[in-house]
Amino acid sequence: MGVSKIHTHAQRVTVDAATARAIRRRLLAWFDRHARDLPWRRRGSDPYAQLLAELMLHQTQVATVIPYYERFIVRFPTVAALASADIDEILALWSGLGYYRRARLLHAAARKIVADFQGQVPRSVDALMTLPGVGRYTAGAVASIAFDVRAPIVDGNVMRVLARLFADAGDPSTPEVQRRLWARAEALVPRRRCGAFNQALMDLGGSPCVPVAPDCPACPLMPYCAAWAEGLTDRIPPARRRAKVRTAAVTVAALRRGERLLFVRRADDGLWGGLWELPTEPVGESESPTDARARLRKRLPVGARLATATDLRVKRLLSHRRVTFHVYEGRLNSHSIPSALDGQPARLAAREKLAELGISRACKAILTRIGWL
DNA sequence: AAGGCGGGGTG
DNA sequence: CACCCAGCCTT
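Read on for a plain summary of the structure.

Calculation notes
Residues numbered from 1 in each chain as written. Chains lettered and ligands numbered in written order. Predicted model: local features only at pLDDT ≥ 70, side-chain atom pairs only at ≥ 80, totals over all residues. Heavy atoms only, no water. Salt bridge = Lys/Arg side-chain N within 4 Å of Asp/Glu carboxyl O. Helix = DSSP H or I, 4+ residues; strand = E, 2+ residues; numbered from the N terminus. Buried < 20%, exposed > 50% of the residue type's maximum accessible area, 1.4 Å probe, protein only. Expected span 1.5 Å × (residues − 1). Contact = heavy atoms within 4.5 Å. Near = heavy atom within 4 Å. Polar contact = N/O pair within 3.5 Å; in protein donor to acceptor, adjacent residues only side chain to side chain. Nonpolar A, V, L, I, M, F, W, Y, C, P; charged D, E, K, R; others polar. Pairing = 2+ DSSP bridges. Axes fitted to C-alpha atoms, helices over the stretch in contact; angles between N-to-C directions. Parallel < 35°, antiparallel > 145°, perpendicular 65-115°, else oblique. Left-handed = near helix turned anticlockwise from the far one by under 90°. Core = buried A, V, L, I, M, F, W, Y, C linked by side-chain atoms within 4.5 Å.

## Comments concerning the pattern of salt bridges
- Counted according to the given criterion, the structure contains 22 salt bridges.
- The salt bridge involving Glu277 is made with Arg266; its shortest N-O contact spans 2.9 Å. Of this pair, Glu277 sits in strand E3 (residues 276–277) while Arg266 sits in the loop between strand E2 (260–265) and E3, and the two are 11 residues apart along the sequence.
- With a relative accessible area of 13%, Glu277 lands in the buried category.

In structure tokens:
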């Protein structure tokens, strides 16, 4: 018994036809009773709404996405509306949601749909996958939910459900196990109601088939779950190895001109790409914030006054980084208001205009800390 | 194959 | 803290 036994199992990819039918029937019946009422499900046949929701849902929880989706779909109700929008306004609406590259990819996808697909979201998985930001999962989700195309999907939730259903204790991050999971999803997805079936699999992973302490008696698939039968639900799937969290420090210049603050737009690539922020300068390894502050000072407009010391610290924890901001306050006189800093667009902004700028939670925390918000 | 990319929820 | 989340892209 135990881990050694798990690996002696040949990993099945299919079940017999009768079992497959029973699994589909039970799962769909469960979905009919327990499906969550989500805003994008009310537009189930609108492929643009599904595409938008799926992009927002990447690595992001449903409850977090809902208010963002609601604002976004009102402001940009169609592919055409989004395609012709300004990226700054898109990022402003995306502010706080994270993974900001998604917003840029979504914009690019909308423009490609207009340019290459006559403004209509394509129906096939292969065509969908040509869109920026759309991989196998998202393509399958949009195709099956919006167009009722029989396509499998495997995301984090479905991965867990299928790994348990087949008692597959392999590491889901490996290509071999990934292939098995997709093969199982492919074999199970029905021809009719495939979109509902896929959403049911995801809902099941949301509850009751949660990562820790799943509520198996509430699961419609318990009679068919191999992990349940073997008492392995707490070990399947194995926990994912995580990248180590590294620490980083940056200095920040909070420069006021009256009630306004100086903002700079970050480069499109990398962390918080394309968002606006207060001017920053990274603190190198084996360097003090004071050293970085001196470099920061040199980049600022002539006539800017910047404090030489600060006690203001703001800490933020990202998934892969722990960042400490050392915030130096200062002032700009009327002769030192730039439109660019090191080639990046710069502008003064009043509180009332902040909603027009895409900014990160970290930046917002800094603005709050200095008493500006 | 591995790392980068945000932010929030939960125990 | 640890671990997770309706992934994808780059190197």
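## Some remarks on helix H2 (residues 17–34)
- The terminal C-alpha atoms of H2 lie 26 Å apart, and with 18 residues this matches the ideal 26 Å at 1.5 Å per residue to within 8%.
- Every buried residue of H2 is accounted for by Thr19, Ala20, Ala22, Ile23, Arg24, Leu27, Leu28, Trp30 and Phe31.
- Each element contacted by the buried residues of H2 is listed here: helix H10 (156–165), helix H11 (175–188) and helix H12 (194–206).

## Quick look at the protein's contact with DNA strand C
- In the region of DNA strand C, 29 residues are neighbours, and Thr138, Asp155, Asn157, Arg160 and Arg242 sit closest.
- Here, DNA strand C places atoms within 4 Å of the protein, and 68% of those atoms are sugar or phosphate.
- Thr138 has a polar side-chain atom sitting 2.5 Å from a phosphate oxygen of DNA strand C.
- Those elements that place two or more of their residues in the surface near DNA strand C are helix H3 (47–57), helix H9 (136–147), H10 and H12.
- Looking at the surface near DNA strand C residue by residue, the classes come out as 10 nonpolar, eight polar and 11 charged.

## With respect to the protein's contact with DNA strand B
- Close contacts around DNA strand B come from 20 residues, with Thr60, Tyr100, Arg101, Trp272 and Arg361 the closest.
- Considering the 4 Å shell around the protein, atoms of DNA strand B inside it are sugar or phosphate in 58% of instances.
- Residue Gln61 places a side-chain N or O atom 3.0 Å away from a base nitrogen belonging to DNA strand B.
- Arg101 has a polar side-chain atom sitting 2.6 Å from a base nitrogen of DNA strand B.

## Re the pairing of strand E1 (residues 246–257)
- Pairing between E1 and strand E7 (residues 321–331): 11 bridges, direction parallel. Note that in E7 the partner of Ala254 across the bridge is Glu329.
- The pairing of E1 with strand E4 (residues 280–283) spans four bridges and is antiparallel. Considered in E4, the bridge of Val252 is made with Thr280.
- Sheet topology note: the E1/E2 ladder contains two bridges and is antiparallel. Residue pairing in the sheet places Arg256 in a bridge with Leu261 of E2.
- The loop that links E1 with its antiparallel partner E2 comprises two residues; one of these, Gly258, has a positive phi angle of about 65°.

## Quick look at the side chain of Glu277
- In terms of polar contacts, Glu277 uses its side chain to reach the side chain of Thr280, at 3.1 Å.
- With residues up to four places along the chain from it excluded, the contact list for Glu277 reads Leu262, Phe263, Val264, Arg266 and Cys363.

## Focus: unusual backbone geometry
- Residues Ser207 and Pro208 are joined by a peptide bond in cis, for which omega reads 10°.
- One non-glycine residue, Ala213, lies in positive phi territory at about 55°.
- As for its placement among the helices and strands, Ala213 is situated in the loop between H12 and helix H13 (226–229).
- In the Ramachandran plot, Asp342 falls in the positive-phi region, its phi being about 55° despite a non-glycine side chain.
- Relative to the elements of secondary structure, Asp342 occurs in the loop between strand E8 (340–341) and strand E9 (344–349).
- Classification of Asp342 by relative accessible area gives exposed; the value is 54%.

## Quick word on H3
- Summarising burial for H3: 11 of the 11 residues are buried, a large majority.
- Listing the buried residues of H3 in full gives Pro47, Tyr48, Ala49, Gln50, Leu51, Leu52, Ala53, Glu54, Leu55, Met56 and Leu57.
- At its buried positions, H3 is contacted by helix H4 (62–75), helix H5 (79–83), helix H6 (87–94), helix H7 (101–116) and H9.
- Regarding H3, its N-cap is Asp46, as a side-chain oxygen of that residue lies 3.0 Å from the backbone nitrogen of Tyr48 further along.

## Thoughts on the packing of H9 against H12
- The geometry of H9 relative to H12 is characterised by a closest axis approach of 7 Å and an angle of 130° between their N-to-C directions. Of the possible angle classes, the one that applies to H9 and H12 is oblique. Viewed along their axes, H9 and H12 form a crossing whose handedness is left-handed. Contacts between H9 and H12 involve Tyr137, Ser144 and Ile145 from the first element and Cys194, Gly195, Asn198, Gln199 and Met202 from the second.
- Its residues assigned to classes, the contact of H9 with H12 shows four nonpolar, four polar and no charged.

## Overview of the nonpolar core
- Counting 65 residues, the largest nonpolar core has Phe72, Phe263, Phe325 and Leu367 as the members making the most contacts within it.
- With eight residues, the top contributor of residues to this core is H3.
- Not counting residues within four places of it along the chain, the set of residues in contact with Phe263 comprises Trp276, Glu277, Leu278, Pro345, Ala346, Arg347, Ala349, Leu354, Leu357, Cys363, Leu367 and Trp372.
- Grouped together as the second largest cluster of nonpolar side chains are 41 residues, Leu165, Ala167, Cys225 and Ile236 included.

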